[in-house]
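Descriptive analysis of the structure
If you want the building blocks of each chain, they are given just below.
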Amino acid sequence: AQSVTQPDIHITVSEGASLELRCNYSYGATPYLFWYVQSPGQGLQLLLKYFSGDTLVQGIKGFEAEFKRSQSSFNLRKPSVHWSDAAEYFCAATTGNKLTFGGGTRVLVKP
Amino acid sequence: DARVTQTPRHKVTEMGQEVTMRCQPILGHNTVFWYRQTMMQGLELLAYFRNRAPLDDSGMPKDRFSAEMPDATLATLKIQPSEPRDSAVYFCASGNSGQGAVVQPQHFGDGTRLSIL
């Protein structure tokens, strides 16, 4: 069955430190991959997407993600987090129209 | 920026009542999705439409839930009768897709927070 796994439920990071969120997928073929962010009381906002081509993808808010086919991973990174990055982050994948979401990683930012 | 608009943002009602949630997709988008988010289950796809036609509602409890698109600017999700276990945040998302499954990102509304007492 198709699935997306985010191994970390919570991550706490200090402001200014780097952040990496893990995402692994299990699909028969390489899916299209997305990262979304959800702030409290809000919907999901698209950070970035990978369809094909360059495996390092730049997104909004200073985020980037790297697709690694050999590891079936699509990890999200940010070099220096800001307090406003505290939110829940979802990795998602699809080979058609239906998105499969990971369980989410909640990021807490310490001052 | 174009946005997906959902109403109401919050709804509290008693079990047994009918609940209707509405969604205005982004103009020009041809695909509309309904999701439910709970702490226990995370994000679940309930149903989706392309060009107003239902393509998949396998995630939706058929006995009490119904989803429709009366026109291209309105999608509705109804629960009748509602039960406490339906308490969740319901999200609508819209995007563009074609027969060849050309995938475009989905854009989400801010959700309807539903509480059934």
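For the structure itself, consult the block above.
The following refers to the structure shown. (Residues numbered from 1 in each chain as written. Chains lettered and ligands numbered in written order. Predicted model: local features only at pLDDT ≥ 70, side-chain atom pairs only at ≥ 80, totals over all residues. Heavy atoms only, no water.)

Examining the overall build of chain B
Along its length, chain B carries 0 helices and 11 strands. N-terminal to C-terminal, the α/β element order of chain B is β-β-β-β-β-β-β-β-β-β-β. The C-alpha atoms of chain B give a radius of gyration of 14 Å, which matches the 13 Å a tight globule of 117 residues would have. The buried share of chain B, reckoned over its 117 residues, is 49%. (Helix = DSSP H or I, 4+ residues; strand = E, 2+ residues; numbered from the N terminus. Rg over C-alpha atoms; globule rule 2.2 N^0.38 Å. Buried < 20%, exposed > 50% of the residue type's maximum accessible area, 1.4 Å probe, protein only.)

Concerning the layout of surface pockets
Empty space left among the atoms is revealed by rolling a probe the size of a water molecule over them. Of the volumes computed, that of the largest pocket is approximately 600 Å³. Lining the largest pocket are 29 residues, with A:E88, A:F90, A:R106, B:Q37 and B:M39 sitting closest to its centre. When residues of the lining of the largest pocket are traced back to their parent elements, those giving at least two are β10 (87-94) of chain A together with β4 (31-38), β5 (42-50), β9 (88-95) and β11 (112-116) of chain B. Here the lining of the largest pocket is built from residues that sort into 8 nonpolar, 16 polar and 5 charged. For the second largest pocket, the calculated volume is near 420 Å³. For the lining of the second largest pocket, the secondary structure elements donating two or more residues are β5 (32-38) and β6 (44-50) of chain A together with β10 (107-108) of chain B. For the lining of the second largest pocket, the element with the highest residue contribution is β6(A), accounting for 3 residues. Here the residues of the lining of the second largest pocket are counted per class, giving 8 nonpolar, 7 polar and 4 charged. (1 Å grid on protein atoms, 1.4 Å probe; cavity = no way out; pocket = protein on both sides within 12 Å on 5 of 7 lines; lining within 4 Å. Points joined across faces, edges and corners; volume = space filled by probe spheres on them. Nonpolar A, V, L, I, M, F, W, Y, C, P; charged D, E, K, R; others polar.)

Examining the state of the cysteines
In protein structure, a disulfide is the covalent linkage between the sulfur atoms of two cysteines. Residues and elements named next belong to chain A. By the definition in use, this model includes 2 disulfides over all chains. Across the disulfide from C23 sits C91; the S-S distance is 2.0 Å. Handedness of the C23-C91 disulfide follows from its S-S torsion of about -65°: it is left-handed. Of this pair, C23 sits in the loop between β3 (19-21) and β4 (24-26) while C91 sits in strand β10, placing them 68 residues apart in sequence. Residue C91 is classed as buried on the basis of its relative accessible area, which comes to 0%. (Disulfide = S-S within 2.5 Å.)

Function-wise, these values are silent; they only describe arrangement.
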